[in-house]
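Close look at the chain arrangement
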Amino acid sequence: MTLLDLWLSRSLPMCLLLQSLVLMALCFPSASMCPKGCICQRDPHLHGINVTCSQSRLKEIPPSLPVDTVLLRLDHNQIGAVPDQTFHGLRLLRELNLSYNAVETLGEAAFSGIEATLQVLDLSHNRITSVHKDAFARLKARVIVDDNPWHCDCALQQAISGMAHNHDAAARVLCRSSEVHDQEGRPFLAVDTDLCNLAKRTTDYAMLVTMFGWFAMVISYVVYYVRQNQEDARRHLEYLKSLPSKPKKPDEADDISTVV
């Protein structure tokens with residue numbers, strides 16, 4: 001065996017090993033990039049990473065997600081909130097599944113940074129009662145919001161009006177509670193009352209009642225003050241009347257006689 005053959009016999013396995021490592025690096029993200037309790041796999045069709053954290057007993061959204069995540073499954077956990085801008089760095093995210101969690105409310109910037117790329121947003125089977133009026137305003141994704149205990153108020157009405165491209169999702173919003181009592185249990189789109197004007201009228205009535213209360217208090221105080229002063233003046237006058245009259249001096253009597 002020549003030296004060349006010997007060198008090739010030793011180098012070939014090393015080359016194959018390096019090739020395998022390169023392929024693994026391309027196909028699977030590094031362990032440090034993948035959140036604990038999640039499975040990360042590279043998607044060759046979408047040129048990004050699928051991150052699956054389903055049924056991982058998560059109580060919050062993992063803070064360190066691969067920046068090239070294209071599909072993020074966070075369903076069937078115990079996540080209670082979606083902090084503002086929590087997905088801001090995920091510029092390639094196309095699908096976000098947050099179903100079967102304990103989310104109760106959504107802020108204005110809950111989905112900031114992913115409005116342009118997100119195609120599917122699943123928020124079904126949570127505990128969402130209220131959202132910021134602009135929570136869905138810039139989203140182009142198909143939003144799924146079934147089975148949430150919605151409180152139908154002005155903010156929700158404004159949020160729904162900004163989901164013109166999600167009419168099917170809006171049609172599935174049922175009012176668990178409402179500013180208008182006879183709307184409870186009905187589809188939100190069946191609410192024909194302007195809840196924002198209703199809230200404004202309620203506020204106006206409250207302000208009017210408050211102003212009337214203060215005015216009544218001022219009038220009552222003025223009346224009490226005047227009556228109290230009158231009573232004090234009457235008592236003082238009675239006191240003066242009760243005093244004995246001042247006797248005349250002898251000199252004053254002589255003067256009067258002289259004059260006569």
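Here, every reference points to the structure presented above.
All values reported here derive from a predicted model rather than from experimental measurement. In this convention, every chain numbers its residues from 1, walking through the sequence in written order. Local features in a predicted model are, by the rule used here, given only for residues with pLDDT of at least 70; side-chain atom pairs are given and counted only at 80 or more, and totals for whole chains, interfaces and linings are based on all residues. The side-chain figures draw on all heavy atoms in the structure; neither hydrogens nor water molecules are used.

Bringing empty space enclosed by the protein into the picture now. Of the grid points, spaced at 1 Å and generated over the protein atoms alone, those admitting a 1.4 Å probe that cannot get out make up cavities, while open sets with protein on both sides within 12 Å along at least five of seven lines make up pockets; any residue with an atom within 4 Å of a point is treated as lining. Grid points are joined across faces, edges and corners, and a volume is the space filled by probe spheres set on the points. Under the definition given, this model contains one cavity of 30 Å³ or more. Considering only enclosed or pocket space, the largest cavity measures out at about 50 Å³ in volume. In this structure, the largest cavity is lined by E108, A109, F111, S112, E115, D134, A135, F136, A137, R138 and L139. Put simply, Ala, Val, Leu, Ile, Met, Phe, Trp, Tyr, Cys and Pro go in the nonpolar bin, Asp, Glu, Lys and Arg in the charged bin, and everything else, Gly too, in the polar bin. Of the residues in the lining of the largest cavity, the class split is six nonpolar, one polar and four charged.

By the criteria applied, helices consist of DSSP H or I runs no shorter than four residues and strands consist of E runs no shorter than two, each listed in order from the N terminus. For D75, the position within the fold is in the loop between β3 (69–73) and β4 (95–97). The side chain of D75 sits in the buried core without any salt bridge; R73 is the nearest counter-charge, 5.5 Å away. N or O atoms closer than or at 3.5 Å make up a polar contact, with two conditions inside protein: a donor-capable atom paired with an acceptor-capable one, and, for residues adjacent in sequence, both atoms drawn from side chains. Polar contacts involving the side chain of D75 include one to the side chain of H76, which spans 2.9 Å. Those residues in contact with D75, other than ones at most four positions away along the chain, are C53, S54, Q55, N97, S99, Y100 and N101. Relative accessibility thresholds used throughout: buried, under 20% of the residue-type maximum; exposed, over 50%; partly exposed, between the two (1.4 Å probe, protein chains only). In this charge count, Lys and Arg are treated as positive and Asp and Glu as negative; neither His nor the chain ends contribute. Should a side-chain nitrogen of Lys or Arg be within 4 Å of a carboxyl oxygen of Asp or Glu, the pair is scored as a salt bridge. In this analysis, two residues are considered to be in contact whenever any of their non-hydrogen atoms come within 4.5 Å of each other.

What follows deals with the state of the cysteines. Any two cysteine sulfur atoms lying within 2.5 Å of each other are counted as a disulfide. Applying the stated criterion to the full structure yields four disulfides. In this model C152 forms its disulfide with C175; the gap between the sulfur atoms is 2.0 Å. Every disulfide takes its handedness from the sign of the S-S torsion; for C152 and C175 that torsion is -100 degrees, giving left-handed. In this pair, C152 sits in strand β9 (residues 150–152) while C175 sits in strand β10 (residues 175–178), placing the two residues 23 residues apart along the sequence. Across the pair, C175 and C152 agree in class, each one buried.

Another point: the side chain of D153. The topology assignment puts D153 in the loop between β9 and α2 (154–161). Buried charge without a salt bridge: D153, with K133 as the nearest opposite-charge side chain at an N-O distance of 12 Å. A polar side-chain atom of D153 sits 3.1 Å from the main-chain amide nitrogen of L156.

Looking now at unusual backbone geometry. We note that R57 has phi near 60 degrees; this positive angle belongs to a residue other than glycine. Given the relative accessible area of 72%, R57 is considered exposed. Not every positive phi belongs to a glycine, and Y100 is a case in point at roughly 55 degrees. Counting through the fold element by element, Y100 comes out in the loop between β4 and β5 (105–106). A residue is classified by how much of its surface remains accessible, and Y100, at 39% relative accessible area, is partly exposed.

Time to look at the pattern of salt bridges. Taken as a whole, this structure holds four salt bridges when the rule is applied. Between D68 and R42 there is a salt bridge; the shortest N-O distance is 3.5 Å. Residue D68 is located in the loop between β2 (48–52) and β3, and its partner R42 is located in strand β1 (residues 39–43); the two are separated by 26 residues in the primary sequence. You can call D68 buried: its relative accessible area is 16%.

This next bit is on the pairing of β2. Counting buried residues along β2, four of its five residues qualify, which places the element largely inside the surrounding structure. Two strands pair when backbone bridges link them, and β1 and β2 are joined in this way by five bridges, in the antiparallel orientation. Counted as the bridge partner of R42 is I49 from β2. Strand pairing is assigned whenever DSSP detects at least two bridges linking the two strands. The loop that links β1 with its antiparallel partner β2 comprises four residues; one of these, H47, has a positive phi angle of about 55 degrees. Direction of pairing for β2 relative to β3: parallel, over a ladder of four bridges. Across the sheet, the residue bridging to I49 is T69, located in β3.

Distances and angles like these do not, on their own, reveal function.
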